[in-house]
Amino acid sequence: MILQIFFAIFHRRYIHKILLGIATFFLFSYLLHPGRFSSTDYDYIEIDNMKNFLSPSPLHISGKHMNKTQLCPIIIDKDKDIMSYPRKTVSESEKLAMPTDLNILPGGVWKPSSCMSNFQVAIVIPYRDRERQLDIFLSYMHPFLQAQMIEYRIVVVEQTSLHPFNRAKLMNIGFAETVKIFPYHCFIFHDVDLIPQNPNNIYACTHQPRHMSSSLNTFRYNLPYKDLFGGAVAILKRQFEEINGFSNAFFGWGGEDDDFKNRISYKGLQVYRFSPDVSKYVMLAHKKELPSESRFLNLKSGRERYETDGLNNLQYDLLKLENRSLYTWMLVNILPSDTNTDI
Ligand code: NGS
């Protein structure tokens with residue numbers, strides 16, 4: 001048998017097929033997981049410097065919200081361990097106990113009781129049909145955020161099944177509806193399948209928009225390309241408004257995050273990242289979506305469109321808005337009329 005294989009490999013009739021096979025394997029591996037082969041150098045903020053780049057809430061600077069005298073500390077400790085992969089399932093009884101155990105208010109709202117947080121942050125999650133991941137995310141994130149003394153609300157924006165998924169538009173809607181509830185100064189737009197592993201990855205905004213999930217296990221903790229701005233990002237409310245939010249035109253998978261990064265550049269803003277170690281994330285397993293065909297065309301016309309396609313032409317039906325025990329739930333029907341794209 002071994003001799004036969006050996007013979008086949010060196011037989012001239014097969015050698016070109018074998019080489020072609022190997023080349024195809026490497027090409028596909030590269031296309032699917034470019035990070036494996038890339039070690040792109042990029043600028044990042046070292047852990048010792050992180051505090052200087054964080055942007056505290058204007059509410060407590062103005063003293064408006066100052067019913068407590070003491071500001072909470074910003075907790076960064078280099079000795080903290082990277083956290084392991086979260087448990088695979090969360091039981092109903094665990095979910096039921098969480099609000100009481102962790103003092104979470106209806107709507108998935110929490111703030112420190114002993115001090116005034118430096119940050120008031122809304123975490124917006126575009127969502128459809130990922131219940132198991134949402135359970136894992138919530139049971140992991142509430143304690144994670146509380147340990148950082150962040151004042152926060154978790155907002156899940158769910159799209160009905162009528163149209164293809166539009167991640168970017170759901171985030172615009174989450175923003176537009178959440179600012180009506182409370183003047184959060186900082187927004188984190190976050191995929192439900194991403195879990196931060198480093199407790200020092202502070203869930204707050206920096207002075208410039210921040211790509212938080214730059215070090216992802218599925219890319220072997222490399223950044224696949226320098227302009228990647230997907231997964232989990234943090235941006236100040238006023239900056240999000242300045243760039244007119246996300247485009248509403250991207251239906252299906254891909255490109256909307258690249259377009260968002262372009263908007264940031266058009267307005268002369270920069271992207272910050274914390275160090276690769278701080279920015280470590282694991283991605284919960286799921287089936288890969290099929291990329292949309294229109295994404296490259298939309299990206300191409302992004303510059304002409306961005307001032308009229310985004311927060312200022314957002315149309316949707318808000319079907320439900322509920323303060324659930326672990327998150328604020330918004331069920332929305334996306335209206336395609338604010339885009340030029342066929343869906
Ligand atoms: C790029 C996509 C981005 C996506 C990124 C990483 O190719 O939307 O891959 O995707 N851009 C386009 O398709 C134009 S990932 O491998 O994490 O699923 O975020």
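Here we summarise the structure given alongside this text. Quick caveat, the model's predicted, so the values are computed rather than measured.

## Things to note about the packing of aromatic side chains
Then, in step 1: Enumeration according to the criterion identifies 16 aromatic pairs in this entry.
Then, in step 2: Measuring from ring centre to ring centre gives 4.7 Å for Phe 182 and Tyr 184, while their planes differ by 55°; the resulting arrangement is tilted.
Then, in step 3: Judged by relative accessible area, Tyr 184 falls into the buried class, the value being 4%.
Then, in step 4: Taken together through their ring pairs, the aromatic side chains of Phe 175, Phe 187, Phe 189, Phe 229, Phe 240, Phe 246 and Phe 260 make up a single cluster.
Then, in step 5: The cationic tip of Arg 273 hangs over the ring face of Tyr 42; the distance from NZ or CZ to the ring centre is 5.3 Å.

## Overview of the site of the ligand
Then, in step 1: Taken together, Phe 219, Tyr 225, Leu 228, Trp 253, Gly 254, Gly 255, Asp 257, Asp 258, Lys 288, Arg 295, Phe 296 and Leu 299 form the complete shell of residues around the ligand.
Then, in step 2: In the model, an oxygen atom of the ligand is placed 2.8 Å from a nitrogen or oxygen of the Gly 255 main chain.
Then, in step 3: Separating an oxygen atom of the ligand from a side-chain N or O atom of Asp 257 is a distance of 2.4 Å.
Then, in step 4: Across the complex, the protein chains shield 75% of the 450 Å² of accessible surface that the ligand would expose by itself.
Then, in step 5: Its atoms largely coinciding with the cavity grid, the ligand occupies the largest pocket.
Then, in step 6: Every element with two or more residues in the shell around the ligand is listed here: helix H9 (256–266) and helix H10 (295–300).

## A few points about the side chain of Thr 328
Then, in step 1: Mapped onto the fold, Thr 328 is located in strand S11 (residues 328–334).
Then, in step 2: Within the structure, the side chain of Thr 328 is placed 2.8 Å from the side chain of Arg 153, a separation counted as a polar contact.
Then, in step 3: Apart from residues lying up to four places away in sequence, Thr 328 is in contact with Gly 107, Gly 108, Arg 153, Ile 154, Val 155, Val 156, Ile 181, Leu 321, Glu 322 and Asn 323.

## Some details on the pattern of salt bridges
Opposite charge on two side chains permits them to pair, given that their charged atoms come into close proximity.
Then, in step 1: For the structure shown, the criterion picks out 15 salt bridges.
Then, in step 2: Across the salt bridge formed by Asp 309 and Arg 305, the nearest N and O atoms sit 2.9 Å from each other. Neither residue differs from the other here; Asp 309 and Arg 305 are each classed as buried.
Then, in step 3: Among the charged side chains, a network of salt bridges with common partners joins Asp 259, Arg 263, Arg 305 and Asp 309.

## Observations regarding the pairing of strand S2 (residues 120–127)
Then, in step 1: Of all eight residues making up S2, eight are buried, and the element is well covered by its neighbours.
Then, in step 2: Side chains of S2 alternate between two faces, with Gln 120, Ala 122, Val 124 and Pro 126 and Val 121, Ile 123, Ile 125 and Tyr 127 buried alike.
Then, in step 3: Looking at chain direction, S2 and strand S3 (residues 151–159) are connected through eight bridges and run parallel. Its bridge partner being in S3, Ile 125 is matched across the sheet by Val 156.
Then, in step 4: As a crossover connection, the stretch from S2 through helix H6 (residues 131–147) into S3 is right-handed.

## Notes on the state of the cysteines
Then, in step 1: What the rule picks out here adds up to two disulfides.
Then, in step 2: Note that Cys 72 is cross-linked by a disulfide to Cys 115, the S-S spacing being 2.0 Å. Taking the torsion about the S-S bond as the criterion, the Cys 72 to Cys 115 disulfide, at about 100°, is right-handed. In this pair, Cys 72 sits in the loop between helix H4 (58–62) and helix H5 (92–101) while Cys 115 sits in the loop between strand S1 (109–110) and S2, placing the two residues 43 residues apart along the sequence.

Procedures and definitions
- Residues numbered from 1 in each chain as written.
- Predicted model: local features only at pLDDT ≥ 70, side-chain atom pairs only at ≥ 80, totals over all residues.
- Heavy atoms only, no water.
- Phe/Tyr/Trp six-rings, centres within 6.5 Å; stacked < 30°, edge-to-face > 60°.
- Buried < 20%, exposed > 50% of the residue type's maximum accessible area, 1.4 Å probe, protein only.
- Lys NZ or Arg CZ within 6 Å of the ring centre and 35° of its normal.
- Near = heavy atom within 4 Å.
- Polar contact = N/O pair within 3.5 Å; in protein donor to acceptor, adjacent residues only side chain to side chain.
- Areas by Shrake-Rupley, 256 points an atom, 1.4 Å probe, with all protein chains shown as cover.
- 1 Å grid on protein atoms, 1.4 Å probe; cavity = no way out; pocket = protein on both sides within 12 Å on 5 of 7 lines; lining within 4 Å.
- Sits in = over half its atoms within 2 Å of the grid points.
- Helix = DSSP H or I, 4+ residues; strand = E, 2+ residues; numbered from the N terminus.
- Contact = heavy atoms within 4.5 Å.
- Salt bridge = Lys/Arg side-chain N within 4 Å of Asp/Glu carboxyl O.
- Pairing = 2+ DSSP bridges.
- Right-handed = clockwise from strand over helix to strand, strands pointing away.
- Disulfide = S-S within 2.5 Å.

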